Amino acid sequence: MLDYSYMDIFIPRDLTREAARQLLTEHAEYGRWELARVRVHPDGSRHVRLRRKVMRVRRTL
């Protein structure tokens, strides 16, 4: 069974689409996050949930 860790990001409505794209791209490239959900609120703000797999390391000794 896969375990995920989640991170929520709130993107205000005055942030441009390009700036939001750049922010999410940096999280994906350097933090290995992937997009799980995007909610667009009536005021134009966005709530983004990112997820990544939890690496379980087994003891070898």
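Along every chain, residues carry numbers that run from 1 in the direction the sequence is written. Selection of residues for local features in this predicted model requires a pLDDT of at least 70, selection of side-chain atom pairs for listing and counting requires 80 or more, and totals for whole chains, interfaces and linings are taken over all residues. Remark: hydrogens and water are excluded; side-chain values derive from all non-hydrogen atoms of the structure.

Student: Residue-level account of the overall build of the protein chain, with values.
Tutor: From N to C terminus, the protein chain includes one helix and three strands. Under the DSSP-based scheme used, a helix requires at least four consecutive residues in state H or I and a strand at least two consecutive residues in state E, with every element numbered from the N terminus. When the helices and strands of the protein chain are read in sequence order from the N terminus, they spell out β-α-β-β. Radius of gyration here is computed from C-alpha atoms only, and the compact-globule reference equals 2.2 Å multiplied by the residue count raised to the power 0.38. In summary, the protein chain has a C-alpha radius of gyration of 15 Å against a globular reference of 10 Å for 61 residues, an excess of more than 25%. C-alpha extents for the protein chain along the principal axes are approximately 55 × 20 × 10 Å. Working definition: with a 1.4 Å probe on protein chains only, accessible area under 20% of the residue-type maximum means buried, over 50% means exposed, and in between means partly exposed. Residue burial in the protein chain is summarised as follows: out of 61 residues, 13% are buried. A contact between two residues is defined here by any heavy atoms of the two lying within 4.5 Å. Residue pairs in contact within the protein chain that sit at least 24 positions apart in sequence constitute 58% of those at least 6 positions apart. Considering the protein chain, the positive charge centre built from 14 side chains and the negative charge centre built from 8 side chains are found 8 Å apart. Under the counting rule used here, the positive set is Lys and Arg, the negative set is Asp and Glu, and His together with the chain ends is not counted. To locate a charge, take atom NZ for lysine, CZ for arginine, CG for aspartate or CD for glutamate.

Student: So what about the packing of aromatic side chains? Which residues, and what values?
Tutor: Centres within 6.5 Å are what make two rings of Phe, Tyr or Trp a pair, Trp counting through its six-membered ring; a difference in plane orientation under 30 degrees is then read as stacked, over 60 as edge-to-face, and the rest as tilted. Across all of its chains, the model carries zero aromatic pairs by this definition. The ring of Y6 has R49 sitting right over it, with the charged end atom 5.4 Å from the ring centre. Over a ring means this: the NZ of a Lys or the CZ of an Arg is within 6 Å of the ring centre and within 35 degrees of the ring normal. Looking at R51, its charged tip hangs above the ring of Y4, at a distance of 4.2 Å from the centre.

Student: Account for the sheet that holds strand β2 (residues 34-40), with residues named and values stated.
Tutor: Across the sheet, which stays open at both edges, the three strands sit in the order β1-β3-β2 with antiparallel pairing between neighbours. Each edge of the sheet is formed by a strand with only one pairing partner; in this case those strands are β1 (4-11) and β2. The mean inter-strand angle of the sheet, taken between neighbouring strand axes irrespective of direction, is 20°. Two strands form a pair only when DSSP identifies at least two bridges running between them. The pairing of β2 with strand β3 (residues 46-53) spans six bridges and is antiparallel. Residue pairing for β3: R39 is matched across the bridge by H47. This element, helix α1 (residues 17-31), spans β1 and β3 of the sheet and lies at about 15° to β3. Only the stretch in contact is used when fitting a helix axis, every axis being a line fitted to C-alpha atoms; angles between N-to-C directions are given from 0 to 180 degrees.

Student: How would you explain the environment of A19 if you had to name every residue and give the values?
Tutor: Here A19 is to be found in helix α1. Under the relative-accessibility criterion, A19 is labelled partly exposed at 27%. A19 sits 32 residues away from R51 along the chain, and the two C-alpha atoms are 20 Å apart.

Student: Any details on the nonpolar core? Residues and values, ideally.
Tutor: Nonpolar core, defined: a set of buried Ala, Val, Leu, Ile, Met, Phe, Trp, Tyr and Cys residues in which side-chain atoms within 4.5 Å join the residues together. I9, I11, A20, W33, V48 and L50 together form the largest nonpolar core, which totals six residues. If you list the elements that add at least two residues to this core, you get β1 and β3. Each residue touching I9, except ones within four places of it in the same chain, is listed here: L23, L24, H27, R46, H47, V48 and L50.

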